[in-house]
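Okay, here's what each chain looks like letter by letter:
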Amino acid sequence: IIGITVSKADNFSQWYQEVVLKAEMIEYYTEISGFFIMRPATMYIWNVIRKWFTAEIEAMGVDETNFPMFLSAKSLEKEKDHVEGFAPELAWVTKAGDKNLEVPVAVRPTSEAVMYPYYAKWIRSHRDLPFRLNQWNSVVRWEAKQTTPFLRAREFLWQEGHTAHLTEKLAGEEVLQILELYARIYEEILAVPVVRGKKTENEKFAGGYYTTTVEGYIPSNGRGIQGATSHCLGQNFSKMFDITVEDPAEKGKHINVWQNSWGLSTRVIGVMVMIHGDDKGLVLPPRIAKIQVIIVPVGITKSVTEEVKAAHGAQLQDIKKTLLSAGVRTEEDQREGYTPAWKFNDWELKVVSYARRDTGEKGTIPIAEVGTKVPELLETIQKDLYTKAKASFDEHRVVVKEWEKVITALDAKNVVLIPFCQEPKCEDKIKDLTTTKHDESPDASVPQAPSMGMKSLCIPFEQPEPMAEGTKCLNPECQATAHSYVMFGRSY
Ligand SMILES: O=C1CCCN[C@@H]1CCCn1cnc2ccccc2c1=O
């Protein structure tokens, strides 16, 4: 077994690729670029998330559905004004066998246009509201940009929830309820801290009314990353697709319903790998570790007598039984012909939270106490992983009130909180002003690598401090009034 050949700090992108390959999570689908095979180690994690989220939304009254994966140009036509931005990503089927299709069909990149003609048919009375459906599926977006396992793929697994409500207020409550579930998936299951907030006009879903988001942070390169989004669509889609109910307050009058749509994808797995992994390989929070404890018998040399060996084996089985009955997912590694050291190394690569896979710290636990001490240790590992990642995010999320300090802050792997006017044009300008082209390096003799500009990530619901009256937008070419701190950063 050769481990990871580069260090996370030295070559982050190669480190990441090796980890997901050597931990047997992903295989590149070399037949067609931009596609990845998700292997059992990945599907175990995705299924833990799916089980948890399904239980939570079922409790909210959301039902499961499954719509066809193709959509017609006709229904796409209905949402043409915001789809134009996405049009280059649409994959089309134009032939069946050797015959051209009369009307080409598109592979769903998301399912609004597939579902909403039927929402118009099914939702007639306010008694049908709130109307809530969710589906688990894969979607295709023919990305032009470089793809990366989990973070950016041409096909990915996700869930997409689509709901309808009588009022803006009821819709708004659900938007935040779902966003909090997304935050809990990150924080409680994946041990990944996220900032909750609202997208700016530039970054929101163009077809919607507003977008709320959970934003992550990748310490290795200081980039922000969108974690999952919960949109209020307003009445935009119910007007496009004529989804109305009779106004309960006024007979004969019809009102367009207020809709939400919300999605979380397998991207979450990539974020977790990037944050917790180390130079030995994958580090999994115990909540999503298929194997939480591996028992490796040691000290069995040739000189050991048969009866000692038998006693050893019996004791191992006792320990395993005790752990299993304490709810600890336990395996044993009795592979012949491999040394314990080899086995430790092998499992560290594939990750089991064995005797602190996260800190490397070794400890001993009296056999009589494994039933209580091991579950406690697993909880400690889960918390420590989160605490460590939270400290890193908090340390690298800095308030910047002087424009001249922005680039330095970004280069120090920070995301920044700046007073921002929230004008779309101003945001474009900020992105441009912070993109350093190679020829603008301060000292020409040292060619500065071009670096990407900063994008807005979200308007955090939790503001770092009150905004002093009359504070100006940080963009030196702007000077409009700023009412909130907005989180900006280089990002995925
Ligand atoms: O995020 C979500 C959550 C789940 C349901 N859909 C919303 C919004 C999807 C936005 N979007 C994203 N890529 C697209 C790509 C091609 C065509 C359309 C789209 C598109 O509408």
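Above this note sits the structure.
Quantities reported herein were computed from a predicted structural model and do not represent experimental measurements.

1. Some words on the site of the ligand
Moving on, step 1. Taken together, the neighbourhood of the ligand is formed by 15 residues, with Phe86, Thr110, Glu112, Arg141 and His231 sitting nearest.
Moving on, step 2. One of the side-chain N or O atoms of Thr110 is found 2.8 Å from a nitrogen atom in the ligand.
Moving on, step 3. One of the side-chain nitrogen or oxygen atoms of Glu112 is found 2.7 Å away from a nitrogen atom of the ligand.
Moving on, step 4. In isolation the ligand offers 480 Å² of accessible surface; the protein chains occlude 94% of this area.
Moving on, step 5. Elements represented by at least two residues in the shell around the ligand include exactly strand 8 (155-165), strand 11 (223-234) and strand 14 (258-265).
Moving on, step 6. Split by residue class, the shell around the ligand holds 5 nonpolar, 6 polar and 4 charged.

2. Describing unusual backbone geometry
Moving on, step 1. Between Leu129 and Pro130 the backbone carries a cis peptide bond, its omega angle lying at -5 degrees.
Moving on, step 2. Position of Pro130 among the secondary structure elements: in the loop between helix 5 (112-122) and strand 7 (131-140).
Moving on, step 3. With a phi close to 75 degrees, Phe150 is a non-glycine residue in the positive phi region.
Moving on, step 4. Checked against the element boundaries, Phe150 lands in the loop between strand 7 and strand 8.
Moving on, step 5. Despite not being glycine, Gln422 has its phi angle at roughly 75 degrees, a positive value.
Moving on, step 6. Position of Gln422 relative to the elements: it lies in the loop between strand 18 (415-420) and helix 13 (424-433).

3. Digging into the packing of aromatic side chains
Moving on, step 1. The final tally for this structure, using the stated rule, is 23 aromatic pairs.
Moving on, step 2. A centroid spacing of 4.9 Å and a plane angle of 75 degrees characterise the contact between Tyr119 and Phe131, whose relative ring orientation is edge-to-face. Of this pair, Tyr119 sits in helix 5 while Phe131 is found in strand 7, placing the two residues 12 residues apart along the sequence.
Moving on, step 3. Residue class for Tyr119 comes out buried when judged on its relative accessible area of 0%.
Moving on, step 4. Here the aromatic cluster, defined as three or more aromatic residues joined through ring pairs, consists of Phe67, Tyr116, Tyr118, Tyr119, Trp122, Phe131, Phe205, Phe237 and Phe241.
Moving on, step 5. The residue whose ring lies beneath Arg397 is Phe393, and the NZ or CZ to ring-centre distance is 4.6 Å.

4. As for the sheet that holds strand 11
Moving on, step 1. As summarised here, the arrangement of the 11 strands in space is 3-7-8-14-11-10-9-19-20-18-17, forming an open sheet in which the pairing is mixed. Only two strands of the sheet have a single neighbouring strand rather than two, namely strand 3 (63-64) and strand 17 (397-399).
Moving on, step 2. In the sheet, strand 17 pairs with strand 18 via 3 bridges, with the strands oriented parallel. Paired with Val398 across the bridge in strand 18 is Val416.

5. Regarding the pattern of salt bridges
Moving on, step 1. With the rule as written, the count across this model stands at 28 salt bridges.
Moving on, step 2. Measuring nitrogen to oxygen at the nearest pair gives 3.2 Å for the salt bridge that ties Arg196 to Glu187.
Moving on, step 3. With its nearest N and O atoms 3.2 Å apart, the salt bridge here joins Lys204 to Glu201.
Moving on, step 4. A residue is classified by how much of its surface remains accessible, and Lys204, at 17% relative accessible area, is buried.
Moving on, step 5. Several salt bridges converge on common partners, so that one network encompasses Glu180, Glu187 and Arg196.

Quick notes on the rules
- Residues numbered from 1 in each chain as written.
- Predicted model: local features only at pLDDT ≥ 70, side-chain atom pairs only at ≥ 80, totals over all residues.
- Heavy atoms only, no water.
- Near = heavy atom within 4 Å.
- Polar contact = N/O pair within 3.5 Å; in protein donor to acceptor, adjacent residues only side chain to side chain.
- Areas by Shrake-Rupley, 256 points an atom, 1.4 Å probe, with all protein chains shown as cover.
- Helix = DSSP H or I, 4+ residues; strand = E, 2+ residues; numbered from the N terminus.
- Nonpolar A, V, L, I, M, F, W, Y, C, P; charged D, E, K, R; others polar.
- Phe/Tyr/Trp six-rings, centres within 6.5 Å; stacked < 30°, edge-to-face > 60°.
- Buried < 20%, exposed > 50% of the residue type's maximum accessible area, 1.4 Å probe, protein only.
- Lys NZ or Arg CZ within 6 Å of the ring centre and 35° of its normal.
- Pairing = 2+ DSSP bridges.
- Salt bridge = Lys/Arg side-chain N within 4 Å of Asp/Glu carboxyl O.

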